[in-house]
Amino acid sequence: MSGDGRSGRLVIAVDGPAASGKGTLARRLSAHYGLPYLDTGLLYRMVARAMLDAGHDIRDAAAAERIVASFDQAGFAEETLRGREIGEAASVVAAMPAVRKGLIERQRAFAAQDEGAVLDGRDIGTVICPEAPAKLFVTATPEVRAARRHRELAGRGEAATFEGILADIRRRDARDSGRSDAPLKAAEDAVILDTSALTVEEAVAAAVTIVNARRRG
Ligand SMILES: Nc1ncnc2c1ncn2[C@@H]1O[C@H](COP(=O)(O)OP(=O)(O)O)[C@@H](O)[C@H]1O
Ligand SMILES: Nc1ccn([C@@H]2O[C@H](COP(=O)(O)OP(=O)(O)O)[C@@H](O)[C@H]2O)c(=O)n1
């Protein structure tokens, strides 16, 4: 197995836009290879949640910088982080360089565990773990992603129209891809996996094939 110097370890970087299926794939890869998993989007969602809970304007970069310096990951329940409003707010704070800088070490420390790790986000292959041997860039059309997110939010009891979610996804794609600091983009050595026409099982099988090829390579 190749890693970043220590034999036997494997770091898998999974990036992609909102609702592309990267979290589902990253969780399945983590179970398949027996590696710890970090959903880095949750960190940005925690900063956004803390900003809103404290009554700050979500665009207040000085307040966001203070929060990121001191927040405790254990203090957030995941169900308070997954909603539509928090996804949007997270992409606003994620464009702030001080917020990104303040979250780098936690992510790199996670990836540095002995056995390796699976991390998913927007900049794992480009900024957080550029040395990862296995990098996936997971994508799907905006319409497919909106349909998936629509189903997911409906399942959580959050009412929203398909058109509203599609507009959210397009806005978030533009913000995440257009920011100057660590924009959403595939690393040069990432394999692009378009899941638009794949079931979860098909996408997992394709991802495992890609990772196995990189481990041996
Ligand atoms: N290949 C797929 N086919 C159908 N639905 C999928 C697929 N991959 C993920 N999903 C579903 O789409 C939604 C978003 O997937 P998720 O993995 O959370 O995306 P992301 O982490 O990229 O935002 C979830 O409800 C998930 O079950
Ligand atoms: N590594 C990461 C992860 C998330 N993010 C930001 O955090 C927001 C929420 O990320 P997420 O992965 O939880 O969102 P979904 O793709 O699940 O909708 C994204 O829109 C990005 O702006 C980031 O900038 N870098």
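Residues numbered from 1 in each chain as written. Chains lettered and ligands numbered in written order. Predicted model: local features only at pLDDT ≥ 70, side-chain atom pairs only at ≥ 80, totals over all residues.

Trainee: Quick rundown of the sheet that holds strand E2 (residues 37–39)? Include the residues and the values.
Mentor: Taken together, the five strands give an open sheet; going across it, the order is E2-E3-E1-E4-E5, and neighbouring strands pair in parallel fashion. Pairing within the sheet leaves two strands with one partner each, and these edge strands are E2 and strand E5 (191–194). Strand-to-strand twist of the sheet, defined as the mean angle between neighbouring strand axes without regard to direction, takes the value 20°. Summarising the sheet, strand E1 (residues 10–15) and strand E4 (residues 134–139) pair through four bridges and their orientation is parallel. (Pairing = 2+ DSSP bridges. Helix = DSSP H or I, 4+ residues; strand = E, 2+ residues; numbered from the N terminus. Axes fitted to C-alpha atoms, helices over the stretch in contact; angles between N-to-C directions.)

Trainee: Could you give an account of the UniProt feature "domain: Cytidylate kinase" (unreviewed entry) in the chain, naming the residues involved and the relevant values?
Mentor: Listed under "domain: Cytidylate kinase" (unreviewed entry) in the UniProt record, and renumbered for this structure, are residues 12–211. Along residues 12–211 one finds 54% helix and 12% strand; the C-alpha atoms at either end are 8 Å apart. (UniProt positions renumbered as here; feature names shortened; annotations may be inferred.)

Trainee: Before we move on, could you go through unusual backbone geometry and cite the residues and values that matter?
Mentor: With phi around 60°, Ala-19 is a residue other than glycine that occupies positive phi space. Along the chain, Ala-19 turns up in the loop between E1 and helix H1 (22–33). A positive phi angle, close to 50°, is found at Ala-182, a residue other than glycine. Along the chain, Ala-182 turns up in the loop between helix H8 (162–178) and E5.

Trainee: Hey, could you go over the site of ligand 2 for me, with residue numbers and the actual values?
Mentor: Taken together, 16 residues are adjacent to ligand 2, and Ala-18, Gly-41, Ser-91, Ala-94 and Gly-121 come closest. Broken down by secondary-structure element, the contributors of at least two residues to the shell around ligand 2 are helix H2 (41–53), helix H4 (84–93) and H8. When the residues that make up the shell around ligand 2 are grouped by side-chain class, the tally is five nonpolar, six polar and five charged. (Near = placed C-beta within 6 Å. Nonpolar A, V, L, I, M, F, W, Y, C, P; charged D, E, K, R; others polar.)

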